[in-house]
There are 2 protein chains.
Amino acid sequence: MNRKDGTDLKAFFEPESVLVAGSLREVPGTAFWVIRNLRHFGYAGRVHAVNPAPEKYGKVLGSRVYARVPDIPGPVDLAAVITPPSTVPALVEACAEKGVPAVIVLSEGFAEAGSEGAALQHRLREIARRSGTRVMGPNTFGVVNTANGLATIPPFTDQERMEQGGVAFCSQTGSIGPHQNPVSDWAYPISKMCDLGNKCDVSEADVLYYLAEDAHTRVAALHLEDVGDPTRFLEAARRFTARKPLVILKTGRTSPGARAARSHTGAMAGDDRILDAALRQAGAVRVNTWHELWEVPKTLVYQPLPPGNRLAVITFTGGQGVIAADAAAGAGLEMAAFTPSTLRGLARVSPRLGGNPVDIGPVMSDSRSQSSANPFSALEKTASEVLADSNVDCVTVTLYSGDQIVPLFPVIVDMMDGLARGVSKPLNVWIYGTSTRAMQALARRLQERGLPAYFDLETAVRALGHAAWYARVRNRLRGTVS
Amino acid sequence: MNRKDGTDLKAFFEPESVLVAGSLREVPGTAFWVIRNLRHFGYAGRVHAVNPAPEKYGKVLGSRVYARVPDIPGPVDLAAVITPPSTVPALVEACAEKGVPAVIVLSEGFAEAGSEGAALQHRLREIARRSGTRVMGPNTFGVVNTANGLATIPPFTDQERMEQGGVAFCSQTGSIGPHQNPVSDWAYPISKMCDLGNKCDVSEADVLYYLAEDAHTRVAALHLEDVGDPTRFLEAARRFTARKPLVILKTGRTSPGARAARSHTGAMAGDDRILDAALRQAGAVRVNTWHELWEVPKTLVYQPLPPGNRLAVITFTGGQGVIAADAAAGAGLEMAAFTPSTLRGLARVSPRLGGNPVDIGPVMSDSRSQSSANPFSALEKTASEVLADSNVDCVTVTLYSGDQIVPLFPVIVDMMDGLARGVSKPLNVWIYGTSTRAMQALARRLQERGLPAYFDLETAVRALGHAAWYARVRNRLRGTVS
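Residues numbered from 1 in each chain as written. Chains lettered and ligands numbered in written order. Predicted model: local features only at pLDDT ≥ 70, side-chain atom pairs only at ≥ 80, totals over all residues. Heavy atoms only, no water.

Asks: Sorry, what's going on with the interface of chain A and chain B here?
Replies: How big an interface is tends to be stated in terms of accessible area lost as the parts join. Facing the 56 residues of chain A at the interface are 56 residues of chain B. Approximately 4100 Å² of surface area, both sides summed, lies buried where chain A meets chain B, with 54% of it carried by carbon and sulfur atoms. Contact with chain B buries surface across chain A, with V322, D326 and T434 of chain A losing the most and accounting together for 15% of the total. For the salt bridge of R352 of chain A with E108 of chain B, the shortest nitrogen-to-oxygen distance reads 3.2 Å. Taken together, the elements giving at least two residues each to the side of chain A that touches chain B come down to α6 (183-186), α9 (255-265), α12 (318-330), α14 (361-369), β19 (427-433) and α17 (436-448) of chain A. Of all the elements, α12 of chain A adds the most residues to the side of chain A that touches chain B, at 9 residues. Looking at the side of chain A that touches chain B residue by residue, the class counts come to 18 nonpolar, 27 polar and 11 charged. (Contact = heavy atoms within 4.5 Å. Buried area = accessible area lost by both parts, 1.4 Å probe. Salt bridge = Lys/Arg side-chain N within 4 Å of Asp/Glu carboxyl O. Helix = DSSP H or I, 4+ residues; strand = E, 2+ residues; numbered from the N terminus. Nonpolar A, V, L, I, M, F, W, Y, C, P; charged D, E, K, R; others polar.)

Next up, the structure:
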C-alpha cells in the first residue's frame, strides 16, 4: 500500500472488471446510472451489479446482478459503491474480503455531513489500512479514464465523448467531471480524471505517484482544498514535476474559503503562504482561478517548453499589444527584442512593422484591400520571421474568427500548424471575434491539431509564463544548469 | 469648448446629419464602408458622401456624393473622415469653416506612425483649438450609439444588431467595437461606444462629462492607455461617479506595457500607483483584465447596488462554495451569517442545508429523484429565503445548463426574474454545464430579463464586490453617512 511507483492505484483506472453496488432504479444518482455511464463512455471490461434484489432485475444493461459481493464469480478489480452511508462499511469490508484491490465510495453523507458520517468514514479508513484494499472517497464521482472509457460518475451527462489526450485532472470536487464541463465542445485532451472527495484513504500524493508513471498523462492539473500529509505530498509533487508539469489550484486560501472547505469535506487548510513557497520549491505551477486550472495545462500539453522567458506577441491592434505586454510583465516574461535580421524580415513584409508586440492589423487591412490570394500571407510571413528569431522563446498569435471566416478555417489551421511544426518553441493562439460560435469552432479545430487556443489574451500570455517558469525550475530539479 | 455639461460632444453621438469623406470603393476600411455600416445598424439621419469624383459615383447607398465639404447644402452635425493623412488637415479645416461641430478622423498614420504623422496630428489639434470644432481621433473607429443606430466604424462586421442598454464604452483601442466582440451573442446592453484613438482633441474627460448627462448611460466602462490632463480627468470622473458607476481598465500599467503604449498611440503612462490611488479617491472601480472590463458592468447596470458587503452564495457543489468564499475575501466581501429565521427556513427546505455558502446540490439531486413537478423548487425556496435575509446584501446563484435543460429555460428564467424582482439587493448568476451552446443561450435569456450571467464564479463574485465598494464610496462622495 501507498507505493511510490503508483502501482497500488492501477486498479482504479485500469480495471478489467468492475462491480457497481447500489440502487438499480433507472434514474441519475444510482448504481444503474453508474453502469449507464460506463456503457455510455465505452468501457469494455466486465461490469457486475450488486443489489439485494437480483431476482427483480435479472440483467441490467447487460450486467448480471448479484445479491452479495462474494457471489460474483472470478476476480473484481474495482468496486463502485453508491448505497446509504450506514451500509457502506460492510460493503467495503466484503470487497476487501473478496480481494478487490480498489473501492470507490460514491455515496455522500460522511464527514461532510456531521459526526455520524465522520465515524462511518473513519471505519472506511480502518478497513483500508487493515486490508490493503485502497478506498477512494467517499463523496466523489470517482474516476474517468479516456483510454478505456471508464467513467464511474453517477449523475446524468449529455457529454457525447471525451477527447483522449495528455491532461490528468485530480480534484476534491465533483465539479471537475465531464458531467459538469463542456469538455467535448472544447476538444479538451484528457487522460484521466479523479475526484478524491473526502479522502478517507487515497490521497493526492497517491494519485501523483500513479500519474507520474502513467504514459498517457503528460500534464497534471490538481484541485486541492487541503493537503493530508504535506511531506509525502511534496515528495510526490517533486517526483512528478521532475518529469512533467503539475498545475495546482489550492482553494480555501482565505479564511472564509477555509471555513467553507471545512464544512464541505472536513478539510483543514494550512497556512497559505507556507504552502505557496513549498509548492514553488516542488516545481508546481500555482494558479488562482478555476478558469486557469483548465486553460494553463493546454499550452503545457500541446506545446514544447520554452527555452527561455522572452515572449513575442502578434496582435491585430496596438491596444491588444499593450494588454499583452502588461500580462507578460505580470507572468514573469520579458518582451523579446528582435534581432536585426528579424527586423529586416518584418520590414520586407511591410514598412509598418517594427518592434514587439507586432501590430499586424494595419498590414492585414492593406493586404485585404489588395484582395490578395491568401489573406493571411502577411500574418504567416510575420509569424514565421518572429518564430525563427533566436531572441524569441515563445509566441502568442492573434486570430480573428467571425461567421464569414468559417470557410477559411482549413487555410488558417494548416498555416498555424505549419508555423508550429517548424520550430521547437511554444506557440499559442488568442482568438477574438464577433461570433462565439465561430470563435469556438476555430478553437476546436486548432486544438485538434495541437494548437492551444484562448479567448482571453491575458490567459494565453500567462500560460506561456507558467511554461517558462516550469522549464527553468525543471532544469534545476534535474540538476542541470539552467 | 470643453464644457463641463458635455454639450460640446452631443454632435458626435446625436447628429441629425453626417458627412463621410473618403474613398467610395466598395471594400472595408473606406468611406463607402462607413456609410454601409451606418445603414447596417439603422442610422436614419441624413448621410452625405464627400469624394473628389462625385460624377463617378452619383449616389452611394442612397447618399449624395459631393466633391467638397462646402458643396453640401444645409448644416452638417458630424463629419467622419477617412482619407490619406496628408489630406486630413485641409478636410478638417473645411469642416470647421462650414461650422461642423464634430469631426471624427478615422484615418491611421498619425502620431502612432512617426514624426511626420505626429506633425499632422498637431495641426488637427490646432484647428480644433482655433475653430471650436471638436476632433475625435485620429486612428479610431469613432462612435456607436444604439439609440439612433449611429456606427461610424470602417471595418467589416457581421454583427447583426446591438442590444440597447445602459453601458457606455470608451476606449483607446478599436478592439472595443462591435466589429471585434460578439455583443449580439451576449445581448450586451450598450448605450454608446467611442474609440478616442490618438486623442488629438477629444479626451476621456470630455466623454465622461458627456456621459454623466446622458440619460441612456447608467454605467461607463473606460479603457485608457494614458491620461491627458489628470486634474480635469479626475474631476470628470468624480462628477460621473457621484451619479453612476465607472469601471476603468488602465493598460500600460507595467513598463513593458507602457513602452508598447508609446509606440501605439504615442501615449505616455504615469506612475501607476499614484493613478490607482487617485482613481479610488475619484470613486472609479478599477479592473485589471479586458474580460472584467466587459463583465463587471453587467452587474452594475442590471442590478441595484448592494446595501452592504455581505455575500450569500448558492452553489451545486461544496467545492464551488469554497471557490466563491475565496473570491469573496479577495473582492472585499464578507460571507453573510444567516439569521436564525433564515436557518429555520432553510432547514424546512432540507435538513441538509445550513450555513453560507449554501450547497444545494445534494438537495437538488433528492428532489430530482423524487421527480417533483418543479425540479427547481428547492433552489427557488432556498434563494428566496437567502435573498430575504436582513444579514445578506448580495447573492450569487448557480445554475446548470445542458442541452436537456433547454426546454426548461422559460421556467428557470421566470423563477430567477421573480426572485430578483422581490428584493432591492443585487443578484447575479453563475452558469456552468456541459454544453457551451446551452450555457450561452441561458445566459442570453437571463440577460434579456436583466439578470447578469457569468461563466466563471470568481468574476460573478468579484462584480458584486466592486458593486459593494462603489455603493459605499458613492455615499461618501454624496456626503451622506454610509
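That covers the picture; the talk isn't over yet.
Asks: Even after reading the chapter, I still don't get helix α2 (residues 31-40) of chain B, so can you show me in this structure?
Replies: Residue and element names in this part refer to chain B. The buried fraction of α2 amounts to 8 of the 10 residues, a majority that puts the element mostly inside the structure. Of all the positions in α2, only A31, F32, W33, V34, I35, R36, N37 and L38 are classed as buried. Contacts from the buried residues of α2 go to β1 (17-22), β2 (46-50), β3 (59-60), β4 (63-66), β5 (78-82) and β9 (150-151). Its side-chain oxygen at 3.3 Å from the backbone nitrogen of F32, T30 defines the N-terminal cap of α2. In the stretch just after α2, G42 is the one whose phi turns positive, near 90°. (Buried < 20%, exposed > 50% of the residue type's maximum accessible area, 1.4 Å probe, protein only. Polar contact = N/O pair within 3.5 Å; in protein donor to acceptor, adjacent residues only side chain to side chain.)

Asks: Mind showing me how you'd approach the pairing of strand β10 (residues 163-171) of chain A here?
Replies: For a regular strand, side chains alternate in direction, first toward one face of the sheet and then toward the other. Residue and element names in this part refer to chain A. Of all 9 residues that make up β10, 7 are buried, and the element is covered over most of its length. As paired elements, β10 and strand β11 (residues 189-195) share 6 bridges and run parallel to each other. Counterpart to S171 in the pairing with β11 is D195. For β10 and strand β12 (residues 219-224), the ladder comprises 4 bridges, and the chain directions are parallel. Bridge pairing in β12 links C170 to L222. (Pairing = 2+ DSSP bridges.)

This is a description of form; function is not addressed.
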